[in-house]
Amino acid sequence: MTTITEDDVDQYLREHPQFLATWLLENADDDTLRVVARKFKQDALSQFTHQNGQAGKSMPAVEEKESTGSLSEDSMTIEPNEDRNLQTYRTFSKVGRNSITSMIFRKYLDGDRTRRSSVKKDLDDLKRMSEEELFMELIRDIASELDVNVLCHKILQNVSILTNSDRGSLFLVRGSRDNKYLVSKLFDVTESSTLEQSIHTEANEIIVPFGVGIAGNVALSREPINIKDVYADPRFNQEVDKKTGYRTHSILSMPIVNFEGEVIGVAQIINKISGNHEFSKQDEDLFRKYLTFCGIGITNAQLFEMSVNEFKRNQLLLHLARGMFEEQSNLEKLVQKIMLDAQDLLKCERCSVYLLDDSFQRDIMSYTSRFLNRLSSYSRTGNLVVAMQDPSNQFRQAGKGDNTSEPLRKVEDVHFSQAFELYAGKMKVLTPAEFQNSKAAFIAKITLVAAETLNIEDLTRYGGFVGHHVPEDNGFSAKSVLCMPIHNSDRTIIGVTQLINKVNGQPFDENDEHIIEAFSIFTGLGIHNCQMYENACQLMAKQSVALEVLSYHATASKEEAERIMVERIPASEDYKLYRYDFDDKLMSDDDTIKATIRMFLDANLISQFKVPYETMCRWVCTVKKNYRPVTYHNWRHAFNVCQTMFTMLYTGDLRPKFDAVEVFALMAACLCHDLDHRGTNNAFQVKVASPLAMLYSTSVLEHHHFDHCIMIINSEGNNIFQSFPPEEYRRAIKILEHAILSTDLALYFKKRGDFKSLVENGEREFLEENKKDLLKAMMMTACDVAAITKPWKIQKEIAQLVTAEFFEQGDIEKTQLGEKPIPMMDREKKDELPKMQVDFIDFICAPVYELFAKVSESLKPLNDGCQENRQHWKDMSNTMQLKTDVQKEDTHSGEKPKEDEARSEPSQQNCETYKTQPEPQDTALTSKHDQKTKEHVNVGS
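- Per an unreviewed UniProt entry, the chain is named Phosphodiesterase, and its organism is Biomphalaria glabrata.
- Quoted verbatim from the Sequence similarities (unreviewed entry) field of the UniProt record, the comment on the chain reads "Belongs to the cyclic nucleotide phosphodiesterase family."

Structure, rendered in structure tokens:
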């Protein structure tokens, strides 16, 4: 072997400076390039100053372009008479400021996928290398390759060299996380095969499910498989050998994993050339080590390709967005810009934009409005899709059972108000007479009626023209057509974008559809009036909420209501509905429905207002169905709130203060006050910017509960107020809204002071309307937090439910939002909950129950129960504090003298109290509004 000295290398580089520049450009790191560029700059400046005799004079062009950051490829052009240092500086001045990765990225964006070819190593030279040298040589060969196909081909060829195998194949993982499979990327790669010979495309790729065959089992188990005789293994498919004529003896198959340990591919090598074709343990070790680096290389190449595609898409969308909104004052100029961009993007011969007339736009706006109304009034009809269909829907095609295939909206009924055409670089505004019988306009109308993308590869074979006479347009021959509806921000169709004939003669493909789809979004936003933006956002948010609600809920079926109707409704005494210590723990769900109906029967509301019994049963079932199965704010909570209202009215002697409409609305409000509760509070909705928070600026959840209540009442068979006269109906809805919104503690704090002043000044009748509204608001709060008044055993169990729900929100805030929750929602602060419960009673509950005890002696049990539970929580808090103090004292003082031990022991009474109290780890505040209360306290409300 010829020995090359340092002088030989130095002489070669001096004689071939372009080789040095190319090598540095492709292999040197950023720091090295900057040093080289700076050195050449200094030499060039020195030489330039010496030649011109002007110290301090800057180089022409170069300094100016560099300082402005506009150094282009032209500035790197080497002039024949330039000094060599200046030439070299021009070459490196730009390169030194950009990374090699950025240059590769730019080449990919420009469509240049050519890469520096690796030097082909002689097999004998490789064999003479040590194992470390061989690995470094092969890893270096793939380290800088970012094209997935080229990289995989190099991997298999290098593996063949490493293991002395005859050929190999590589499969990559595709599919979703739950449905993964392998696809053959390269098949039967030998040491001499080219990439083009080995690569598989979508047309001939082999799909292998996980767990099937040798490669599938390797992917599933993540363990290598070394088979010495494949014909003796049932997992091997011998049909492949029969088709190809190749005899497979042995296979070594191994998974390729990424840095997270996930399988991203499977590589397998076939038939070791030397010996008996069997792969040894040493081959397995070499294979595994090499594939470790291959996994990194493939992952990087895939990520790089994804980033290139995403960058292209982002650049496209940014360009479109900038262009669409630069021109908003003149529709003709805007459409011209739209068509120029579309024609340039997709390289088509002709581009057109058709806009609908106002009357048809109004029809579609009306259709959109009716669709949202049907979302609000949806009732169970067996099929949600059928229920959402509009008999007057212009877009719905005839169903399978129809006798005709003609669309419900005829093409002839569609009328365009304006049409613009761009052809041969000239834009033309078409007159109605010009596009009335136009083939292109006819295709645009078909697209509008179908309300979806229309891609016609060959117009002469398109069945949409059967039976229609469509003449050629002014001698222009259309072969392939791509049409896309244009939507405004309300998702209403306002026109059609149409592209005809790609310049290369090929039909429009799926990628073109994706581009024109994104393009049409910006087109619609550009055409649509910007003043509609805010209303459109609100409409989209409301639609999102409506769809979410309907995806989860459904009204109760007629059969469910009929089942309740035929069953006996037990008496109130059987359920103890008139008692303050009511407990629903042993009641079934059907019992809660019957008990609810019993309360409305005893209140004489069903007969007085002539509410159909079926409607009443169905409404109660529907309300129950529309509560989510969250831990606490569910149907059971609503049922208990309604029972407390019933008890306050009849046992607490408040019924005479209200008329029947008010009683009906208050009891209905109690049942509906937490409809569709998600187990999180208002602050959480605002924090995550949910659609609900976008719709309502204050009392987010309470407004949603009321809207959901109205949606149920408006749905078929659920209007319990249907017999009300118009004036009473409006009044009942107003009371409903006022009562439900009053459950927001922010409003409770504002009103409590006024209520206190009235009660302490001797008010007991509440005859004026404003005073009665204040009383109703305070009653809703008293009912909502009434769990705090129950016997201790019941209160303790309910507190555990509330705690669990609070902790669930706190966990979400920790894990998903990365925020520290407030103490009552933080599992780590569970020991502080008894003290927080005492604070909650003192700040929220006790004041309102003390005032109601003054309003009516019959309401005093509520206050008594609240105070008894406060004492339980106080004892528990004191015991926990005492236990903590003892532990701290033991920690600080260590072993105490006996006389000190006697002095430090808690009293007998406290010990007994501690023994009888449960650990407070599952206790919490007892209302959905507790978290809000603490938040108000923290901000000084």
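### Description of the confidence of the model for the chain
Turning to step 1, where the next piece is worked out: On average, the chain scores 76 in pLDDT, and the residues at 70 or more come to 71%.
Turning to step 2, where the next piece is worked out: In this model residues 466-471 is a low-confidence stretch, pLDDT under 50, and it forms seven contacts with partners more than four residues away in sequence or in other chains.

### Quick word on the nonpolar core
Turning to step 1, where the next piece is worked out: Formed by 100 residues in total, the largest nonpolar core has its most connected members in W619, M667, L736, F755, Y849 and F852.
Turning to step 2, where the next piece is worked out: For this core, the element with the highest residue contribution is helix α27 (residues 660-672), accounting for twelve residues.
Turning to step 3, where the next piece is worked out: Leave out the neighbours within four places in its chain, and F755 touches F766, L774, L775, M778, L851, F852 and V855.
Turning to step 4, where the next piece is worked out: In terms of nonpolar packing, the next biggest core, distinct from the first, is built from 26 residues, F442, A444, V449 and L459 among them.

### What to know about the pairing of strand β5 (residues 251-257)
Turning to step 1, where the next piece is worked out: Of all seven residues in β5, six are buried; the element is thus mostly enclosed.
Turning to step 2, where the next piece is worked out: In this sheet, β5 lies alongside strand β4 (residues 225-227) in antiparallel orientation, the contact comprising three bridges. Bridge pairing in β5 places I227 opposite I251.
Turning to step 3, where the next piece is worked out: Relative to strand β6 (residues 263-272), β5 is paired through seven bridges, and the arrangement is antiparallel. Bridge pairing in β6 places P255 opposite V266.

### Things to note about the pattern of salt bridges
Turning to step 1, where the next piece is worked out: By the definition in use, this model includes 34 salt bridges.
Turning to step 2, where the next piece is worked out: For E567, the salt bridge is made with R563, and the minimal N-O distance between the two is 3.6 Å.
Turning to step 3, where the next piece is worked out: Accessibility expressed as a relative area gives 25% for E567, which makes it partly exposed.
Turning to step 4, where the next piece is worked out: Judged by its relative accessible area of 33%, R563 falls in the partly exposed class.
Turning to step 5, where the next piece is worked out: Taking the shortest distance from any N to any O, the salt bridge between D676 and R628 comes out at 2.8 Å. One end of the pair, D676, is in the loop between α27 and α28 (682-687); the other, R628, is in the loop between α25 (613-625) and α26 (635-650), with 48 residues separating them in the sequence. You'll find D676 and R628 in the same group, each marked buried.
Turning to step 6, where the next piece is worked out: Salt bridges linked by common partners bring D659, E662, R731, K772, D773 and K776 together as one network.

### Brief notes about the UniProt feature "binding site: AMP" (unreviewed entry) in the chain
Turning to step 1, where the next piece is worked out: When the UniProt feature table is mapped to this numbering, "binding site: AMP" (unreviewed entry) covers H633, N634, W635, R636, H637, D674, D784 and Q837.
Turning to step 2, where the next piece is worked out: Its place among the elements puts H633 in the loop between α25 and α26.
Turning to step 3, where the next piece is worked out: In this structure, D784 sits in helix α33 (residues 769-784).
Turning to step 4, where the next piece is worked out: Overall, D784 belongs to the buried group, its relative accessible area being 2%.

### Observations regarding α27
Turning to step 1, where the next piece is worked out: For α27, built from 13 residues, the straight-helix expectation of 18 Å at 1.5 Å per residue is met to within 8% by its first-to-last C-alpha distance of 18 Å.
Turning to step 2, where the next piece is worked out: For α27, the buried fraction is high: 13 of the 13 residues fall into the buried class.
Turning to step 3, where the next piece is worked out: Of the residues that open α27, the one with a side-chain oxygen 3.2 Å from the backbone nitrogen of V661 is D659.

### Considerations on the UniProt feature "binding site: Zn(2+) 1" (unreviewed entry) in the chain
Turning to step 1, where the next piece is worked out: As recorded in UniProt, the feature "binding site: Zn(2+) 1" (unreviewed entry) lies at H637, H673, D674 and D784. Judged by maximum C-alpha separation, these annotated positions cover 148 residues in sequence but sit close together in space, the widest gap being only 9.9 Å.
Turning to step 2, where the next piece is worked out: Mapped onto the secondary structure, H673 falls in the loop between α27 and α28.
Turning to step 3, where the next piece is worked out: Only 2.7 Å separates the side chain of H673 from the backbone oxygen of C670, close enough to count as a polar contact.
Turning to step 4, where the next piece is worked out: Summarising the element assignment, D674 is placed in the loop between α27 and α28.
Turning to step 5, where the next piece is worked out: Of the residues examined, D674 reaches a relative accessible area of 0% and is grouped as buried.

### Things to note about the side chain of S856
Turning to step 1, where the next piece is worked out: With respect to the helices and strands, S856 occurs in the loop between α35 (833-855) and α36 (860-893).
Turning to step 2, where the next piece is worked out: Excluding anything up to four places from it in sequence, S856 contacts G652 and D653.

### Details of a nonpolar patch on the surface
Turning to step 1, where the next piece is worked out: Together, Y12, F19 and W23 line one region of the surface with nonpolar side chains, adding up to about 320 Å² of accessible area.
Turning to step 2, where the next piece is worked out: Within the fold, Y12 resides in helix α1 (residues 6-15).

### Some remarks on the environment of K479
Turning to step 1, where the next piece is worked out: Following the sequence through the fold, K479 ends up in the loop between β10 (454-456) and β11 (481-487).
Turning to step 2, where the next piece is worked out: If we skip the residues at most four places from it in the chain, K479 touches I456, E457, D458, L459 and N501.

### Digging into the packing of aromatic side chains
Turning to step 1, where the next piece is worked out: Tallied over the entire structure, the rule returns 20 aromatic pairs.
Turning to step 2, where the next piece is worked out: Over the aromatic face of Y246 sits the side chain of R167, whose NZ or CZ is 4.1 Å from the ring centroid.
Turning to step 3, where the next piece is worked out: If you follow R752 out to its NZ or CZ, it ends over the ring of F843, 5.8 Å from the centre.

### Focus on the environment of E560
Turning to step 1, where the next piece is worked out: Its place among the elements puts E560 in helix α21 (residues 558-565).
Turning to step 2, where the next piece is worked out: Using a relative accessible area of 22% as the deciding quantity, one classes E560 as partly exposed.
Turning to step 3, where the next piece is worked out: Along the primary structure E560 and T622 are separated by 62 residues, whereas in three dimensions their C-alpha atoms are 9.5 Å apart.
Turning to step 4, where the next piece is worked out: Excluding its chain neighbours within four sequence positions, the residues that come into contact with E560 are C621 and K625.

Here is what the cut-offs are and how they apply
Residues numbered from 1 in each chain as written. Predicted model: local features only at pLDDT ≥ 70, side-chain atom pairs only at ≥ 80, totals over all residues. Heavy atoms only, no water. UniProt positions renumbered as here; feature names shortened; annotations may be inferred. pLDDT = per-residue confidence, 0-100. Contact = heavy atoms within 4.5 Å. Core = buried A, V, L, I, M, F, W, Y, C linked by side-chain atoms within 4.5 Å. Buried < 20%, exposed > 50% of the residue type's maximum accessible area, 1.4 Å probe, protein only. Helix = DSSP H or I, 4+ residues; strand = E, 2+ residues; numbered from the N terminus. Pairing = 2+ DSSP bridges. Salt bridge = Lys/Arg side-chain N within 4 Å of Asp/Glu carboxyl O. Expected span 1.5 Å × (residues − 1). Polar contact = N/O pair within 3.5 Å; in protein donor to acceptor, adjacent residues only side chain to side chain. Patch = residues over 30% accessible without salt bridge, like charges linked within 9 Å, V, L, I, M, F, W, Y side chains within 5 Å. Areas by Shrake-Rupley, 256 points an atom, 1.4 Å probe, with all protein chains shown as cover. Phe/Tyr/Trp six-rings, centres within 6.5 Å; stacked < 30°, edge-to-face > 60°. Lys NZ or Arg CZ within 6 Å of the ring centre and 35° of its normal.

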